[in-house]
Amino acid sequence: MKCRITQDVSAAAELIRNGELVAFATETVYGLGANALDPNAVARIFEVKQRPHFDPLIVHVAEIDSLAEFTTGLSTQAQRLAERFWPGPLTLVLPKQSVIPDLVTSGLDSVAIRIPAHPMARELLNAAGLPIAAPSANKFGCLSPTQAQHVAEQLGDEIPMILEGGPCQVGVESTVIQCNEDSIVLLRPGGISLEDIEACAGKVRLARIEDYAETKSQVSPGMLPRHYAPGTRLHLIDQLDQIPDVKTIGVLSLYPLSETILAGREFAAQEILSPTGDLKMAAANLFTALRNLDQSGVECIVALRLPERGLGRTINNRLERAAY
Ligand code: TXA
Ligand code: MG
């Protein structure tokens, strides 16, 4: 493995300034970063991730003041969301300025912007003095990395450095929102719940996967139905009696399953997202749990749908797309 795992922020910033890629910790998932203003560096992200060019990237900035350089401004609703949730797991899709290369936005006239909360990500942005384009630091379509080690396993041979910032506290990607004149649209459920967004900005319209699945060149290509998938086949079920009839099964559930529910059944592997049923904790554990089940050698993974509220909605979204 040629990649260095380190906490040396200035070395990481130097690589970014030189047009190289650096994976770095954020509070949501690890990102694969490059200078957002350098089309060659950005092209490397697509190459290393094997990501299709129709899927645009999120641009990370340190301060709200630098937004004016990259976008034509925030609407009132966007401003309200930004003040409430930045820095944090919120991405706003905003009208772009021409300094942002078309490659970053897949030719769209909007750019997705996020101010991350992780102290190391903020230090990196400040030290680099540049906006950093960063998708999740995994191969396209695979599980997102929430630990430096996850990144090393998939990309260790292809990038020079991983900035190690511990396990990601939020554990699922940011909530992606587009504020139009007449509506606020949720493009991707994420680390901030729909309830919290609506409490701040009013009613939100949900973009549905079906709206985008057919066209493939679309408002938010991250809506592709199959994504975030482990190598092992995953079934998303509502009740345990829907378990497929195969020999070795790995089960993913929010709570520990009671003896009555289990009814004498044994599973080859099991992952519990939160013993107390805490949905935030469940989100933080999601991708590591899926990785563990994937690596356990079972024939299939069975995930029990979570309650459709708070971050449960985000987790169900990822599980649906892993199961598709
Ligand atoms: O938490 C996160 O958002 C992580 C960390 C690293 O910040 N990043 C991340 O990036 O999840 P990525 O590339 O895996 O997801 C970017 C999402 C996709 O769903 C993409 O389609 C959407 O943002 N997106 C980016 N630019 C867009 C645009 N101009 N209009 C609509 N959707 C856009
Ligand atoms: Mg991703």
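An unreviewed UniProt entry lists the protein chain under the name Threonylcarbamoyl-AMP synthase, with Gimesia chilikensis given as the organism. Looking at the protein chain in UniProt, the text filed under Catalytic activity (unreviewed entry) is "L-threonine + hydrogencarbonate + ATP = L-threonylcarbamoyladenylate + diphosphate + H2O". UniProt, in its Sequence similarities (unreviewed entry) section for the protein chain, records the words "Belongs to the SUA5 family."

Trainee: Mind showing me how you'd approach the overall build of the protein chain here?
Mentor: In terms of regular secondary structure, the protein chain is built from twelve helices and 15 strands. Taking 2.2 N^0.38 as the reference for a compact globule, 324 residues should give roughly 20 Å; the C-alpha atoms of the protein chain span a radius of gyration of 19 Å, in line with that estimate. Residues counted as buried form 58% of the 324 residues belonging to the protein chain. Here the contacts in the protein chain between residues at least 6 apart in sequence split such that 67% fall between residues at least 24 apart. Counting only carbon and sulfur atoms, one obtains 48% of the accessible surface of the protein chain, whose full area is about 13700 Å². Charged side chains in the protein chain number 28 positive and 38 negative. The centres of these two groups are separated by 2 Å.

Trainee: Any chance you could explain the side chain of threonine 71 here in plain terms?
Mentor: Inspection of the secondary structure assignment puts threonine 71 in the loop between α3 (67-70) and α4 (76-85). Among the polar contacts made by the side chain of threonine 71, one reaches the main-chain amide nitrogen of glycine 73 at a distance of 3.1 Å. In this structure threonine 71 touches Leu94, Pro95, Lys96, Gln97, Val111 and Ile113, once residues within four positions along its chain are discounted.

Trainee: What is the right way to read the nonpolar core from this model?
Mentor: Counting residues in each nonpolar core, the largest one holds 50 residues, and the members touching the most others are Leu81, Leu90, Leu92, Ile113, Ile159, Ile162 and Ile177. Ranked by the residues each element gives to this core, the list is headed by helix α2 (residues 39-49), at five residues. Residues in contact with leucine 92, not counting those within four places in the same chain, are Leu74, Ala78, Leu81, Ala82, Trp86, Val111, Ala112, Ile113 and Ile177. Grouped together as the second largest cluster of nonpolar side chains are 27 residues, Leu234, Leu254, Phe287 and Leu293 included.

Trainee: Explain the UniProt feature "domain: YrdC-like" (unreviewed entry) in the protein chain here, please?
Mentor: Listed under "domain: YrdC-like" (unreviewed entry) in the UniProt record, and renumbered for this structure, are residues 6-192. Helix makes up 30% of residues 6-192 and strand 20%, and the two end C-alpha atoms of the span are 29 Å apart.

Trainee: Would you mind going over the sheet that holds strand β2 (residues 22-24) with me for this structure?
Mentor: Strand order across the open sheet formed by eleven strands is β1-β8-β2-β3-β7-β4-β6-β5-β9-β10-β11, with mixed pairing between neighbours. Each end of this open sheet is capped by a strand with a single partner; those strands are β1 (4-6) and β11 (204-206). One ladder, built from three bridges, connects strand β4 (residues 58-60) with strand β6 (residues 110-114); its direction is parallel. Opposite valine 59, over in β6, you have isoleucine 113 as the bridge partner. Sitting on the sheet, helix α1 (residues 9-17) touches β1, β2, β3 (31-35), β7 (132-133) and β8 (161-163), and the angle it makes with β8 is about 130°. The strands touched by α4 are β5 (90-95), β9 (175-179) and β10 (184-188); relative to β5, the strand with the most contacts, the crossing angle is about 150°.

Thresholds applied
- Each chain carries its own residue numbering, running from 1 in the direction its sequence is written.
- Following the order in which they are written, the chains are lettered starting with A and the ligands numbered starting with 1.
- Residues qualify for local features only when their pLDDT is at least 70, as the model is predicted, and side-chain atom pairs are given and counted only at 80 or more; totals for whole chains, interfaces and linings, by contrast, use all residues.
- Only hydrogens and water are set aside; all other atoms, that is, all heavy atoms of the structure, feed into the side-chain values.
- UniProt positions are given in the numbering used here, feature names are shortened, and annotations may be inferred rather than shown by experiment.
- Comment: elements are numbered from the N terminus, with helices defined as DSSP H or I runs of at least four residues and strands as E runs of at least two.
- The reference for a compact globule is 2.2 Å times residues^0.38; the radius of gyration itself is calculated from the C-alpha atoms.
- A 1.4 Å probe rolled over the protein chains alone gives each residue an accessible area, and that area as a share of the maximum for its type sets the label: buried under 20%, exposed over 50%, partly exposed in between.
- Contacts: residue pairs with any heavy atoms within 4.5 Å of one another.
- Only the protein chains shown count as cover for residues, and the accessible areas themselves come from Shrake-Rupley with a 1.4 Å probe.
- Within this scheme the basic residues Lys and Arg register as positive and the acidic residues Asp and Glu register as negative, but His and the chain ends are omitted.
- By convention, the point assigned to a charge is CZ for Arg, NZ for Lys, CD for Glu and CG for Asp.
- Whenever a nitrogen or oxygen atom comes within 3.5 Å of another N or O atom, the pair is scored as a polar contact, on the condition that within protein one atom can donate a hydrogen and the other can accept it, and that pairs from neighbouring residues in sequence are kept only if both atoms are in side chains.
- Residues grouped as a nonpolar core are buried Ala, Val, Leu, Ile, Met, Phe, Trp, Tyr and Cys residues, joined through side-chain atoms within 4.5 Å.
- Only when DSSP finds a minimum of two bridges between them are two strands counted as paired.
- Orientation is described by lines fitted to C-alpha atoms, with helices fitted over the stretch in contact, and by angles between N-to-C directions that extend from 0 to 180 degrees.

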